[in-house]
Amino acid sequence: MASSILSDCSSARLLPLRRALLPPRAPRLRPCPALAHPRRLLVAARPQLLPRPRRMDSPPAATASSADSADAPAKVIDGKLVAKQVREEIAVEVTRMKDAIGIVPGLAVILVGSRKDSQTYVRNKKKACEAVGIKSYEVNLPEDSSEEEVIKHIASFNSDPSVHGILVQLPLPRHMNDENILNAVSIEKDVDGFHPLNIGRLAMQGRDPFFVPCTPKGCMELLHRFGVEIKGKRAVVIGRSNIVGMPAALLLQKANATVSIVHSQTKNPEEITRQADIVIAAVGVANLVRGNWIKPGAAIIDVGINPVDDPESPRGYRLVGDVCYEEASKVAGAITPVPGGVGPMTIAMLLSNTLESAKRTHKFK
Ligand code: NAP
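Because the structure is predicted, anything quoted here is derived from the model rather than measured.

Asks: Mind showing me how you'd approach the packing of aromatic side chains here?
Replies: Each aromatic ring pair is characterised by the separation of its centres together with the angle its planes make. Under the defined criterion, the tally for this structure stands at zero aromatic pairs. The ring centre of Y317 lies 4.8 Å from the NZ or CZ of R315, which sits over that ring. Sitting above the plane of the F211 ring, R360 keeps its charged end 4.9 Å from the centroid.

Asks: Please clarify how the nonpolar core should be interpreted in this entry.
Replies: Grouped burial of nonpolar side chains is what soluble globular proteins tend to show. Formed by 55 residues in total, the largest nonpolar core has its most connected members in I90, I134, L222, L223, L252, I280 and I301. For this core, the element with the most residues is helix α12 (residues 343-361), which contributes seven residues. Setting aside residues up to four positions removed in sequence, L222 forms contacts with I77, G79, V82, I301, T336, G341, V342 and M345. Listed in part, the 21 residues of the second largest apolar core include V262, L288, I300 and V323.

Asks: I would appreciate a short explanation of the pattern of salt bridges in the present structure.
Replies: Tallying each qualifying case throughout the model produces 12 salt bridges. A salt bridge links R96 to E93; the nearest nitrogen and oxygen atoms lie 2.9 Å apart. Highlighted residues: R96 and E93, both in helix α3 (residues 79-101), separated by three residues, approximately one helical turn. For R360, the salt bridge goes to E356, with nearest N and O atoms at 4.0 Å. With R360 and E356 both in helix α12, this residue pair falls four residues apart, about one helical turn. The network of salt bridges with shared partners includes E89, E221 and R225.

Asks: Is there a simple way to explain a negative patch on the surface in this structure?
Replies: Side chains of E143, D144, E148 and E149 sit close together on the surface and give a patch of like negative charge. According to the relative accessible area criterion, E149 is partly exposed, its value standing at 36%.

Asks: I tried to follow the environment of N287 on my own but got confused; where do I start?
Replies: Relative to the elements of secondary structure, N287 occurs in the loop between β8 (278-281) and β9 (299-302). Each C-alpha atom, one on N287 and one on D302, is 10.0 Å from the other, the two residues being 15 residues apart in sequence.

Scoring rules and cut-offs
Residues numbered from 1 in each chain as written. Predicted model: local features only at pLDDT ≥ 70, side-chain atom pairs only at ≥ 80, totals over all residues. Heavy atoms only, no water. Phe/Tyr/Trp six-rings, centres within 6.5 Å; stacked < 30°, edge-to-face > 60°. Lys NZ or Arg CZ within 6 Å of the ring centre and 35° of its normal. Core = buried A, V, L, I, M, F, W, Y, C linked by side-chain atoms within 4.5 Å. Buried < 20%, exposed > 50% of the residue type's maximum accessible area, 1.4 Å probe, protein only. Helix = DSSP H or I, 4+ residues; strand = E, 2+ residues; numbered from the N terminus. Contact = heavy atoms within 4.5 Å. Salt bridge = Lys/Arg side-chain N within 4 Å of Asp/Glu carboxyl O. Patch = residues over 30% accessible without salt bridge, like charges linked within 9 Å, V, L, I, M, F, W, Y side chains within 5 Å. Areas by Shrake-Rupley, 256 points an atom, 1.4 Å probe, with all protein chains shown as cover. Lys, Arg positive; Asp, Glu negative; His and termini not counted. Charge placed at Lys NZ, Arg CZ, Asp CG, Glu CD.

Structure follows, in structure tokens:
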């Protein structure tokens with residue numbers, strides 16, 4: 001059972017950790033021949049026996065574009081490595097700012113309720129802040145807090161000059177209206193970039209938002225740092241959520257790509273995706289994007305984080321993306337792994353937005 005799950009992108013079982021979103025019924029694909037047999041799968045997992053996609057130690061000199069040979073395995077866009085570089089750059093800037101003007105950037109995080117996953121995210125953000133020298137402030141409110149209480153804390157951070165970024169950890173308890181709460185964050189401290197005015201500015205020609213949402217910003221940073229040419233290229237974003245798909249499409253368009261958006265009601269998503277030089281997948285459906293959806297040489301950014309059943313893992317599950325990595329990495333020019341691709345970039349971009357905010361407030365170049 002485990003091996004068939006591991007070997008076949010078409011049969012990965014989603015765990016009920018997340019809303020199960022099943023793709024529209026597509027023609028059933030045969031499992032990858034090289035991975036179809038359980039024993040061969042185990043062999044395939046050993047790097048020394050089968051050529052693996054190249055993991056890049058640094059952004060490439062040449063561009064990762066569709067001009068690359070489709071026969072070569074895809075370059076691995078190593079988000080973990082880039083995120084580390086970004087954090088190091090931020091730490092240098094934080095020190096430079098502190099030494100020059102005595103200001104330390106500050107990030108306030110408001111957590112309502114006691115969801116374990118949210119607590120973990122907040123803890124990780126706090127640790128990441130500490131590691132680069134950003135001061136973090138935390139407010140933990142009980143699940144049954146009122147909207148007014150949350151807004152009161154936001155207002156107090158809005159007027160606190162030592163706080164340059166405010167983040168309200170989502171999801172909020174059901175009795176709260178996300179819109180009311182997110183709208184209360186000053187757009188000048190909206191480091192998540194979710195305020196409608198920031199999104200509106202992102203969408204408008206000739207305007208710039210104060211902040212770009214962290215995950216799509218991380219996707220763009222990966223494309224830039226790996227030398228993927230965007231201008232004039234065809235890009236497809238799969239997913240149109242407010243936090244990832246929609247802003248990612250706006251960013252690609254701002255960078256002069258010709259952008260199509262694929263969503264749950266799109267007819268022939270594979271045909272549209274196959275035209276793309278750049279694909280950003282943010283769906284939440286394990287292995288939705290198969291190898292035959294990919295244009296040879298395309299750059300693939302896989303935002304999806306989906307737990308699938310894996311009895312061989314100590315946790316009983318493992319994380320996979322929205323893209324069938326085994327298949328896509330044989331066709332694409334460059335691809336992000338899951339985990340270790342976009343995920344680490346999100347927190348790095350939050351730190352970057354916080355630093356940017358402090359610099360802007362204090363006119364520090
Ligand atoms: P979301 O709000 O659930 O949005 C999913 C989007 O995918 C929707 O626009 C939906 O279309 C579309 N969709 C659903 N099924 C589809 C299908 N079969 N074919 C084409 N489109 C389909 O999810 P999200 O918050 O954007 O997150 C997407 C994924 O990214 C999740 O796996 C999430 O865990 C992951 N994520 C990762 C990070 C990170 O830091 N790496 C950050 C955020 C999210 P409709 O609009 O038509 O419903």
